[in-house]
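Summary of the model geometry
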Amino acid sequence: MTIDGARVMSGPTFSVINPATGETFGAAPDCTRDQLDDAMQAAAETFETWRRDESSRRQLLLNCAEALTRQAAELAELLTREQGKPLPKAAGEIAGAAKWFTYTAGLEIPIDVALDNDRVRVEVRRRPHGVVAAITPWNYPVSLAVWKIAPALLAGNTVVLKPSPYTPLTTLRMGAILRDVLPSGVLNVISGGDELGALLTTHPKVRKISFTGSVATGKLVAAAAASDLKRVTLELGGNDPAILLPDVDVSRVAKRLFWGAFENCGQVCSAIKRVYVPHSLSGQLLSELGDVARGVQVGDGFVAGTQIGPLNNRPQFERVQELVEDAKQAGAKVVAGGHRLTGHGYFYAPTIVGDVSDGIRVVDEEQFGPVLPVVSYVDLEDAIARANATHFGLSGSVWSSDATRAQEVAAQLECGTVWVNQHLNVVPHAPFGGAKWSGLGVENGPWGLLGFTELQTINVAKG
Ligand code: NAD
């Protein structure tokens, strides 16, 4: 772990499993209570100096980007080993993290003038919170950590970061690499189980919690934050609909739809989780999606040509099987996949499911795996209503030959991001966050940066 700029070991450790083999390949420190206090103390003490010099913080973020780029090959290998994604995708995640550092370094922390007249000048400034607790999930451990670290640090906060117990190693390694870049205490990286996450959210030194994970845990985080009124940003789960309009060219969009759902083995918060297609196009869509699904290379992320790796962990692997079995019982038609693959890893065949409707678990719940239910509709207004009839509201997409018409439908979706004729194009420039139970606040762009600040009004009398 990295605590106050030093390499810290712990007595107890926990195992880390390679999901491609199902076997333990490493261990991570299980941070003790005292070590957590040390990390918090270091972050709190460093805050007083770190907050003062914005231009040096900017430069240091650029240096972080360079350091990650230099060590990209090593980080990507470790990421594939613990997360399962194909090696080129892991390399893409590290490159993306470096890009996020660079982009964030260029953001302004604005001072707004609210009023300037003969009597007063009223400025609105932004102050950092202090110590930020950053908690991340296992699907994109590095990039989602950097979405938090970069803006938190630029705004003048210090950070204590805890990755998921399923994927702690690449994040710990990133902490070690950045130890040589950042002043001691600015970024502390610790590892442990879910209980450690809970301890972070109640720690008295923390002023802001930036959390990415499931809705259930997000609610626990919000409740834990309440008694101390810690600020929170929550990036939570989704059950994202893709709506195809009647004029869509199915052959043109089938492959893009497929990858909008199956990227990272379907383990993307904002992946397509259900498709609504006009009844008349449903047969063609199922057949084309089935063809793509059967042609994809599933395997160990280290094997050249692998397009989809294993699910990351056993509970998730079992959950996906359970949802597909439930759909089969309910009379769903499995067009492709529908079964686990042989071997010891958590491999599941890319699965396309037809003859399903709202009310079946795989449609109503976040599957977070390589399964896509296709729901047919007759009336577009009804499809939009069904797409919105959920507590989730992370993202969605609308597909049509007429982009203007698609945008009209997009505006009716109750979610944080809507894509048109694409899905999953996330850029550092735009806010990303969920409506309803999918989140609170946003990350990325100037909006995400300002989430790591508190407003301060300075009202100066003239004369
Ligand atoms: P999770 O909620 O189980 O765990 C996320 C993190 O929270 C882990 O580090 C975990 O150790 C920690 N944690 C667990 N209990 C805690 C507690 N009581 N207090 C504080 N921290 C605690 O989620 P997961 O299974 O790791 O990730 C998958 C979920 O994350 C999916 O629902 C997915 O949609 C969501 N996700 C959302 C986004 C987004 O940006 N909206 C991005 C990626 C993943």
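Structure shown above.
Residues numbered from 1 in each chain as written. Predicted model: local features only at pLDDT ≥ 70, side-chain atom pairs only at ≥ 80, totals over all residues. Heavy atoms only, no water.

**Structural notes on the overall build of the protein chain**
Rules: Think of it this way: any DSSP run of H or I at least four residues long counts as a helix, any run of E at least two long counts as a strand, and we number them from the N terminus. The rule is simple: take the accessible area with a 1.4 Å probe, protein chains only, and divide by the maximum for that residue type; under 20% is buried, over 50% is exposed, in between is partly exposed. Only heavy atoms matter for contacts: two residues are in contact if any of them lie within 4.5 Å across the pair.
Within the protein chain, the regular secondary structure consists of 15 helices and 20 strands. Taken along its principal axes, the extent of the C-alpha atoms in the protein chain is 70 × 60 × 40 Å. Expressed as a percentage of its 463 residues, the buried residues of the protein chain come to 57%. A separation of at least 24 residues holds for 72% of the contacts in the protein chain among residues at least 6 apart in sequence.

**Quick word on the packing of aromatic side chains**
Using the following cut-off: Stacked, edge-to-face and tilted labels apply to pairs of Phe, Tyr and Trp rings (six-membered ring for Trp) whose centres lie within 6.5 Å, assigned for plane angles under 30 degrees, over 60, and everything in between, in that order.
If you walk through the whole model with that rule in mind, you get six aromatic pairs. Ring centres of Trp147 and Phe432 lie 5.7 Å apart, and the angle between their planes is 75 degrees; on these two criteria the pair is classed as edge-to-face. Linking Trp147 in helix H5 (residues 141-154) with Phe432 in the loop between strand E18 (417-420) and strand E19 (439-440), this pair joins segments that are 285 residues apart in sequence. Ring geometry for Phe317 against Tyr346: centres 5.6 Å apart, planes inclined by 35 degrees, an arrangement best described as tilted. Of this pair, Phe317 sits in helix H11 (residues 314-329) while Tyr346 sits in the loop between strand E14 (333-336) and strand E15 (351-354); the two residues are 29 residues apart in sequence, bridging distant segments of the chain. Phe317 gets classed as buried once you look at its relative accessible area, which sits at 1%. Residue Tyr346 is classed as buried on the basis of its relative accessible area of 4%. Through a chain of ring-to-ring contacts, three or more aromatic side chains come together here, namely Trp100, Trp147 and Phe432.

**Observations concerning unusual backbone geometry**
Positive phi, close to 50 degrees, is recorded for Leu229, a residue that is not glycine. Note on placement: Leu229 falls in the loop between helix H8 (215-226) and strand E11 (231-235). The backbone of Asp355 shows a phi angle near 55 degrees, a positive value even though the residue is not glycine. Structurally, Asp355 is set in the loop between E15 and helix H12 (361-364). Using a relative accessible area of 55% as the deciding quantity, one classes Asp355 as exposed.

**Some thoughts on the site of the ligand**
Filter applied, for reference: We define proximity as follows: a residue is near a molecule or strand when any one of its heavy atoms falls within 4 Å of that partner. Two N or O atoms count as a polar contact when they lie within 3.5 Å, although within protein this holds only if one can serve as hydrogen donor and the other as acceptor, and sequence-adjacent residues are included solely when both atoms are side-chain atoms. All accessibility values rest on the Shrake-Rupley procedure with a 1.4 Å probe; residue burial counts only the protein chains present in the view. Three residue categories are used. Nonpolar comprises Ala, Val, Leu, Ile, Met, Phe, Trp, Tyr, Cys and Pro, charged comprises Asp, Glu, Lys and Arg, and polar comprises the others, including Gly.
Of all residues adjacent to the ligand, which total 29 residues, the nearest are Asp194, Ser214, Thr217, Leu236 and Glu366. Lys162 is positioned with one of its side-chain polar atoms (N or O) 2.9 Å from an oxygen atom of the ligand. Separating a nitrogen atom of the ligand from a backbone N or O atom of Ala198 is a distance of 3.4 Å. Computed on the free molecule, the ligand has an accessible area of 860 Å², of which 90% lies beneath the protein chains in the complex. Listed by contribution, the elements that provide at least two residues to the shell around the ligand are helix H7 (194-202), strand E10 (206-212) and H8. Partitioned by chemical class, the residues of the shell around the ligand number 15 nonpolar, ten polar and four charged.

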